Amino acid sequence: MFITFEGLDGSGKTTQAELLAEALRAEGRDVVSTREPGGTPLGEEVRRLLLEGVEMSPWAEAALFAAARAELAQAVIAPALAAGREVVCDRYVDSSLAYQGIARGLGVDRVLMLNLNATEGLLPDLTFVVLVDPEVAAARSTGSDRIEREGLELQRKVDAAYRELASMFPNRITTVDGNRPPEVIAEEIRGRLRQLS
Ligand code: TYD
């Protein structure tokens, strides 16, 4: 299975991705954990451009995220799935749909099209969106990359965007309430996976 985690910076999604990967490994499954942007040598270079580099226009941003994702899908995710391994990824296409498609206003359909081309149609089987209030997420967030520095207004738009995506793709996306202890959230996520397998 290909499982992705989404949410605001400071939502706790990275912790949940790690907890799920650990739990699956404890069950004896072979798990590849990866993250976006990054996860490949090219992706890490593109990540630097995106998060520490100069200002850029929204489509340049969307195209760079898609470039990093194309490389990750082709070099890491598709081969792992083909070898029968599980893949857990911290952020994937829904980040681009939420941040670039909705919050930046490029359009979900157009950003989805770009990403379907870039990944050759490789979408997750299941996506968990960890929801917390943008104020809470901002207070918890440790990083300050170029996108986070834009502040609370963008984070509020992204939060609304994730909720909208969850209603657009109800079969693939599950939202979880991130305002609870990590272990409680992790148990809910494992329960949902058990339901599906
Ligand atoms: P983030 O998950 O914060 O990386 P880390 O936690 O390792 O610092 O991702 C970096 C930023 O990039 C974050 O603000 C969200 C943004 N982003 C997009 O805008 N579009 C995308 O497609 C992706 C993958 C991330």
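Here we summarise the structure given alongside this text. Going along each chain's sequence as written, the residues are numbered from 1 onward. pLDDT decides what is reported in this predicted model: residues at 70 or higher carry local features, side-chain atom pairs at 80 or more are listed and counted, and totals for whole chains, interfaces and linings draw on all residues regardless. Hydrogens are left out, water is left out, and the side-chain values use all remaining heavy atoms of the structure.

**A closer look at the pairing of strand β4 (residues 126–131)**
1) Next: Using a 1.4 Å probe on the protein chains alone, a residue whose accessible area is under 20% of its type maximum counts as buried, one over 50% counts as exposed, and one in between counts as partly exposed. We count a stretch as a helix when DSSP gives it H or I for four or more residues in a row; a strand needs E for two or more, and each element gets its number in order from the N terminus. With respect to burial, β4 is a largely interior element, 6 of its 6 residues being buried.
2) Next: Burial along β4 is two-sided: the residues L126, F128 and V130 and T127, V129 and L131 are all buried.
3) Next: If DSSP finds at least two bridges between two strands, the strands pair. Sheet topology note: the strand β1 (residues 2–7)/β4 ladder contains 5 bridges and is parallel. Across the sheet, the residue bridging to I3 is L126, located in β4.
4) Next: Note: β4 against strand β5 (residues 173–177), 5 bridges, orientation parallel. Residue pairing across strands places T127 opposite I173, the latter belonging to β5.

**Section: the pattern of salt bridges**
1) Next: By definition here, a salt bridge exists when the distance from a side-chain nitrogen of Lys or Arg to a carboxyl oxygen of Asp or Glu is within 4 Å. This model, assessed by the stated rule, comprises 17 salt bridges.
2) Next: For R85, the salt bridge goes to D30, with nearest N and O atoms at 3.1 Å. Of this pair, R85 sits in the loop between α3 (58–82) and β3 (86–90) while D30 sits in the loop between α1 (13–26) and β2 (31–35), and the two are 55 residues apart along the sequence.
3) Next: Classification of R85 as partly exposed rests on a relative accessible area of 31%.
4) Next: Taking the relative accessible area as the measure of exposure, D30 reaches 42% and is therefore partly exposed.
5) Next: Members of the salt-bridge network, linked through shared partners, are E61, R104, R146 and E150.

**Observations regarding the pairing of β1**
1) Next: Of all 6 residues in β1, 6 are buried, a share of seventy percent or more.
2) Next: Here β1 shows two buried faces, one formed by F2, T4 and E6 and the other by I3, F5 and G7.
3) Next: The pairing of β1 with β3 spans 4 bridges and is classified as parallel. The residue bridging F2 from the neighbouring strand is V87, located in β3.

**Some details on the side chain of T127**
1) Next: Note on placement: T127 falls in strand β4.
2) Next: A distance of 2.8 Å separates polar atoms of two side chains, one belonging to T127 and the other to T4.
3) Next: Counted as a polar contact is a pair of N or O atoms within 3.5 Å, where, for protein atoms, one must be capable of donating a hydrogen and the other of accepting one, and residues adjacent in sequence contribute only when both atoms are in side chains. Separated by 2.9 Å, the side chains of T127 and R172 make a polar contact.
4) Next: Contacts of T127, omitting those with residues within four sequence positions, involve T4, E6, D94, R172, I173 and T174. By definition, residues are in contact when any of their heavy atoms lie within 4.5 Å.

**Examining the nonpolar core**
1) Next: Within the largest apolar cluster, 27 residues are counted, with the highest numbers of intra-cluster contacts made by L97, A98, Y99, I147, V158, Y162 and L165.
2) Next: Put simply, the parts of the chain that give this core at least two residues each are α2 (41–52), α3, α4 (93–103), α5 (108–118), β4 and α7 (152–168).
3) Next: When residues of this core are assigned to their parent elements, the largest contribution, 6 residues, is made by α7.
4) Next: The contact partners of L97, leaving out residues within four places of it in the chain, are I102, V108, V111, L112, L165 and F169. Buried Ala, Val, Leu, Ile, Met, Phe, Trp, Tyr and Cys residues that are joined via side-chain atoms within 4.5 Å together make up what is termed a nonpolar core.

**Notes on the sheet that holds β4**
1) Next: Judged by pairing direction, the sheet is parallel, and its 5 strands sit side by side in the order β2-β3-β1-β4-β5 without closing on themselves. The open sheet has two free edges, formed respectively by β2 and β5, since each of these has just one partner strand. The average angle at which neighbouring strand axes cross in this sheet is 20°, direction not considered.
2) Next: Bridge count between β2 and β3: 5 bridges; the pairing is parallel. Across the sheet, residue S33 finds its bridge partner in β3, namely V88. Angles shown run from 0 to 180 degrees and are taken between the N-to-C directions of axes, each axis being a line fitted to C-alpha atoms and, for helices, limited to the stretch in contact.

**Concerning the environment of R140**
1) Next: Among the secondary structure elements, R140 is positioned in helix α6 (residues 134–140).
2) Next: If sequence neighbours within four positions are ignored, R140 has contacts with G10, S11, G12, V132 and G178.
3) Next: Within the structure, R140 has its side chain in polar contact with the backbone oxygen of S11 (distance 3.2 Å).
4) Next: A distance of 3.3 Å separates a polar atom in the side chain of R140 from the backbone oxygen of G178.

Don't take any of this as a statement about function, it's just geometry.
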